[in-house]
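Residue-level structure breakdown
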Amino acid sequence: MAFTEIKHPLIIDKLSRMRRIETSSKDFRENLNEIAQLMVYETFRDLELTPIEIETPMTKTIGYTIDKPIVLVPILRAGIGMLDGIQKLIPTSRVAHIGLYRDEETLEIHQYFAKKTESIAESYVIIVDPMLATGGSAIKAIDIVKEWGVKHIKFVCLVAVEPGITNVLTKHPDVEIYAASKDEKLNENGYIIPGLGDAGDRIFGTK
């Protein structure tokens with residue numbers, strides 16, 4: 001099972017702030033971006049590097065550069081809330097977008113928007129969304145990215161639960177999942193417990 005829960009005191013503290021019902025949209029967004037930034041170190045630990053010759057003020061030497069472009073793919077709309085934190089550390093990363101919605105009657109996931117970047121098939125692709133609940137949106141987003149020809153895919157979220165983790169890895173065993181917390185369960189309405197509530201509404205101050 002390619003699932004990693006990133007345990008760190010700073011992440012745990014900031015996630016606890018986000019969980020509180022009284023947390024404002026401003027504070028929710030700020031902590032979300034800060035957690036996403038902290039998660040970058042573990043998420044990108046295994047990136048391959050290419051040696052290059054560089055010149056320091058003293059001499060020529062061998063340096064290293066990431067061997068492929070990095071593309072971030074937020075699942076609209078809540079995934080947008082994680083972009084700034086990651087891009088602060090990887091300002092050269094490109095951004096593709098995938099818009100999905102769930103039919104409230106059939107619970108089927110539908111695509112309403114998808115825009116890829118140039119040469120995305122040769123890139124490292126990180127799909128971001130704060131929540132991994134049933135896994136339906138994550139699976140659909142991964143399906144779309146694979147249709148674009150991408151081979152190197154990771155999924156990064158804040159909170160995840162077992163049904164979603166299992167569903168994603170059963171359908172896409174080659175995709176690694178990273179989360180700041182593995183939460184307890186889903187309630188009867190499909191919300192993560194203890195969770196964050198509706199991440200999109202809390203990010204943008206909507207209801």
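Source: prediction; values computed, not measured. (Residues numbered from 1 in each chain as written. Predicted model: local features only at pLDDT ≥ 70, side-chain atom pairs only at ≥ 80, totals over all residues. Heavy atoms only, no water.)

On to the overall build of the protein chain, then. Broken down by element type, the protein chain carries six helices and 13 strands. Its C-alpha radius of gyration of 18 Å places the protein chain within 12% of the 17 Å reference for a compact globule of 207 residues. When the 207 residues of the protein chain are sorted by exposure, 43% land in the buried category. Contacts spanning at least 24 positions in sequence make up 65% of the contacts within the protein chain whose residues lie at least 6 apart. A gap of 2 Å separates the mean positions of the 25 positive and 30 negative side-chain charges of the protein chain. (Helix = DSSP H or I, 4+ residues; strand = E, 2+ residues; numbered from the N terminus. Rg over C-alpha atoms; globule rule 2.2 N^0.38 Å. Buried < 20%, exposed > 50% of the residue type's maximum accessible area, 1.4 Å probe, protein only. Contact = heavy atoms within 4.5 Å. Lys, Arg positive; Asp, Glu negative; His and termini not counted. Charge placed at Lys NZ, Arg CZ, Asp CG, Glu CD.)

The next point concerns the UniProt feature "binding site: uracil" (unreviewed entry) in the protein chain. Per the UniProt record, "binding site: uracil" (unreviewed entry) is found at Ile 192, Gly 197, Asp 198 and Ala 199. Exposure remark for Ile 192: the relative accessible area of 7% places this residue in the buried category. What Ile 192 contacts, discounting residues up to four positions off in sequence, is Met 131, Leu 132, Ala 133, Val 159, Val 161, Asp 183, Lys 185 and Leu 186. Looking at the element boundaries, Asp 198 is found in the loop between β13 (192–193) and α6 (199–204). (UniProt positions renumbered as here; feature names shortened; annotations may be inferred.)

Turning our attention to the pattern of salt bridges. Within the structure shown, the criterion is met by twelve salt bridges. Here Lys 26 and Glu 30 are joined by a salt bridge, their closest N and O atoms 2.9 Å apart. Taken together, the positions of Lys 26 and Glu 30, both in helix α2 (residues 25–43) and four residues apart, correspond to about one turn of that helix. We classify Lys 26 as partly exposed; its relative accessible area is 48%. Overall, the relative accessible area of 35% leaves Glu 30 in the partly exposed class. A salt bridge links Lys 171 to Asp 143, with the shortest nitrogen-to-oxygen separation between them at 3.5 Å. (Salt bridge = Lys/Arg side-chain N within 4 Å of Asp/Glu carboxyl O.)

Within strand β10 (residues 152–160), eight of the nine residues are buried, which leaves the element mostly enclosed by the surrounding structure. Pairing analysis gives five bridges linking strand β8 (residues 124–128) to β10, with the strands arranged parallel. For Ile 126, the partnering residue across the bridge sits in β10 and is Lys 154. Across two bridges, strand β9 (residues 131–132) lies against β10 in parallel orientation. Residue pairing in the sheet places Met 131 in a bridge with Val 159 of β10. (Pairing = 2+ DSSP bridges.)

Centre distance and the angle of the planes are the two values used to describe a pair of aromatic rings. In the structure shown here, the tally under the stated rule is one aromatic pair. Aromatic pair Tyr 101 and Tyr 112: ring centres 6.5 Å apart, planes at 40°, arrangement tilted. Taken together, the positions of Tyr 101 in strand β6 (residues 97–102) and Tyr 112 in strand β7 (residues 109–115) put the pair eleven residues apart, joining distant regions of the chain. The class of Tyr 101 is partly exposed, set by a relative accessible area of 43%. (Phe/Tyr/Trp six-rings, centres within 6.5 Å; stacked < 30°, edge-to-face > 60°.)

What follows deals with the nonpolar core. Counting 34 residues, the largest nonpolar core has Ile 35, Met 39, Leu 158 and Leu 196 as the members making the most contacts within it. Within the residue set of this core, elements represented by two or more residues are α1 (9–19), α2, β4 (70–76), α3 (83–89), β8, β10, β11 (176–182) and α6. Here this core takes six residues from α2, the largest share from any one element. When residues no more than four places from it in sequence are discounted, the contact partners of Ile 35 are Ile 11, Lys 14, Leu 15, Met 18, Leu 158 and Ala 180. Among the nonpolar cores identified, the runner-up in size contains 29 residues, and Val 71, Ile 98, Ile 127 and Trp 148 belong to it. (Core = buried A, V, L, I, M, F, W, Y, C linked by side-chain atoms within 4.5 Å.)

With that settled, consider the UniProt feature "binding site: 5-phospho-alpha-D-ribose 1-diphosphate" (unreviewed entry) in the protein chain. When the UniProt feature table is mapped to this numbering, "binding site: 5-phospho-alpha-D-ribose 1-diphosphate" (unreviewed entry) covers Arg 77, Arg 102, Asp 129, Pro 130, Met 131, Leu 132, Ala 133, Thr 134, Gly 135, Gly 136, Ser 137 and Asp 198. Inspection of the secondary structure puts Arg 102 in strand β6. If we skip the residues at most four places from it in the chain, Arg 102 touches Leu 107, Glu 108, Ile 109 and Asn 189. Turning to its location among the elements, Gly 136 is positioned in helix α4 (residues 136–147).

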